[in-house]
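Each chain is listed here by its residues.
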Amino acid sequence: MVRPQSKQVLLIVDADPENIDHLKTILTPDFNVNVAADGREAIRSALSPDPPGLILLNIMAPSGDTCEVCGKLKADITTKDIPIILISAPTTEDTEAEGFELGAADYITMPFKPSVVKARIQTHLELRRYRDNLENKVKRRVSELHDEIQERRNVEDTYHDLVEHARDGIAIIHDFKVRFANSAFCKMIGLSKDELIGAHLRKFISEDEFIKNTKRYSDRIAGVNLPRIYKSQVIHSNGTTIDVELNVCVVPYGRSLAALVIARDMREAEAWKYCI
């Protein structure tokens, strides 16, 4: 990673003592400068515990041509983000294009102009710093989103457990069909979840109760102020009629609305009175 509060480490890859001396004279006041005489040494240095923030690579470096050095550095996850500036004599456009294809970030031609050398290096160090900061922000945000998603899942799991183990029957009714039912609601009707989900209301309420309940639901959606809790009846699968207390409210359901129904078996309500 780039270290903004201390001198950046630069790596010069060149076997020409004159070039090295000239570059060190230009760069030493502002940077910590390391030198590699050839491509193999450059790769070792780049993979060290203290890698350079930028590499100045002479395209004529011995023991490993430019293509091989750039290729290995860009292929390794630990060195792929290190900017590489190629050093060369004045080159043709095709040569520069080839260098960029190899993964080089820029070119510096000889003879060196101190102001140009410093400006090019600072530009690419800044670009890397901005990129690293952006990547860190993205990673932090991704981590935060992961934590938020996990927290929501935990809340949903807790909510699901509370609903599933509630002693009152809880169901969601949409388009006159059961879309969700907890265990207590299934027990009240005497049907399994597989049998109940998707079932029409008429499967477990009488025609009169169906008409009364659907009118209440329609009025509530229309904005009529009605009591949320009222008495009704449901029919068990064995034909028994059960008196229930319904608490009904309108809730979003996809792009539509549905009825959230909490049904209390009045027989159990009476039994609970004696238990308290």
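The structure we're discussing is the one just above.
Reading the values: rules and limits
- Residues numbered from 1 in each chain as written.
- Predicted model: local features only at pLDDT ≥ 70, side-chain atom pairs only at ≥ 80, totals over all residues.
- Heavy atoms only, no water.
- Phe/Tyr/Trp six-rings, centres within 6.5 Å; stacked < 30°, edge-to-face > 60°.
- Helix = DSSP H or I, 4+ residues; strand = E, 2+ residues; numbered from the N terminus.
- Buried < 20%, exposed > 50% of the residue type's maximum accessible area, 1.4 Å probe, protein only.
- Lys NZ or Arg CZ within 6 Å of the ring centre and 35° of its normal.
- Contact = heavy atoms within 4.5 Å.
- Lys, Arg positive; Asp, Glu negative; His and termini not counted.
- Salt bridge = Lys/Arg side-chain N within 4 Å of Asp/Glu carboxyl O.
- Polar contact = N/O pair within 3.5 Å; in protein donor to acceptor, adjacent residues only side chain to side chain.

Visitor: So what's going on with the packing of aromatic side chains? Which residues, and what values?
Guide: According to the stated counting rule, one finds 3 aromatic pairs in the structure shown. Both rings, one in Phe-185 and one in Phe-204, keep their centres 5.8 Å apart while their planes meet at 85°; by these two values the pair is edge-to-face. Here the residue Phe-185 occupies a position in helix H6 (residues 183–189), and Phe-204 occupies one in the loop between helix H7 (193–196) and helix H8 (207–221), the gap between them amounting to 19 residues. With relative accessibility at 3%, the residue Phe-204 sits in the buried group. The positively charged end of Arg-202 is found above the aromatic ring belonging to Phe-210, 4.0 Å away from the centroid. We note Arg-216 situated over the ring of Tyr-230; from NZ or CZ to the ring centre the distance is 3.9 Å.

Visitor: Tell me about the environment of Leu-56, residues and numbers included.
Guide: In this structure, Leu-56 sits in strand E3 (residues 54–58). Through-space distance from the C-alpha of Leu-56 to that of Leu-23 is 9.5 Å; in sequence the pair is 33 residues apart. Here Leu-56 is in contact with Leu-11, Ile-12, Val-13, Leu-27, Ile-85, Ile-87, Ile-108 and Ile-121, once residues within four sequence places are set aside.

Visitor: For the side chain of Asp-14, give the residues involved together with the corresponding values.
Guide: The residue Asp-14 is located in the loop between strand E1 (8–13) and helix H1 (17–27) in this model. The buried charged residue Asp-14 lacks any salt bridge partner; its closest oppositely charged side chain belongs to Lys-24, at an N-O distance of 12 Å. Within polar-contact distance, the side chain of Asp-14 engages the backbone nitrogen of Asp-16 at 2.9 Å. A polar atom in the side chain of Asp-14 sits 2.8 Å from the side chain of Asn-58. The residues contacting Asp-14, other than those within four sequence positions of it, are Asn-19, Ile-20, Val-35, Ala-36, Ala-37 and Asn-58.

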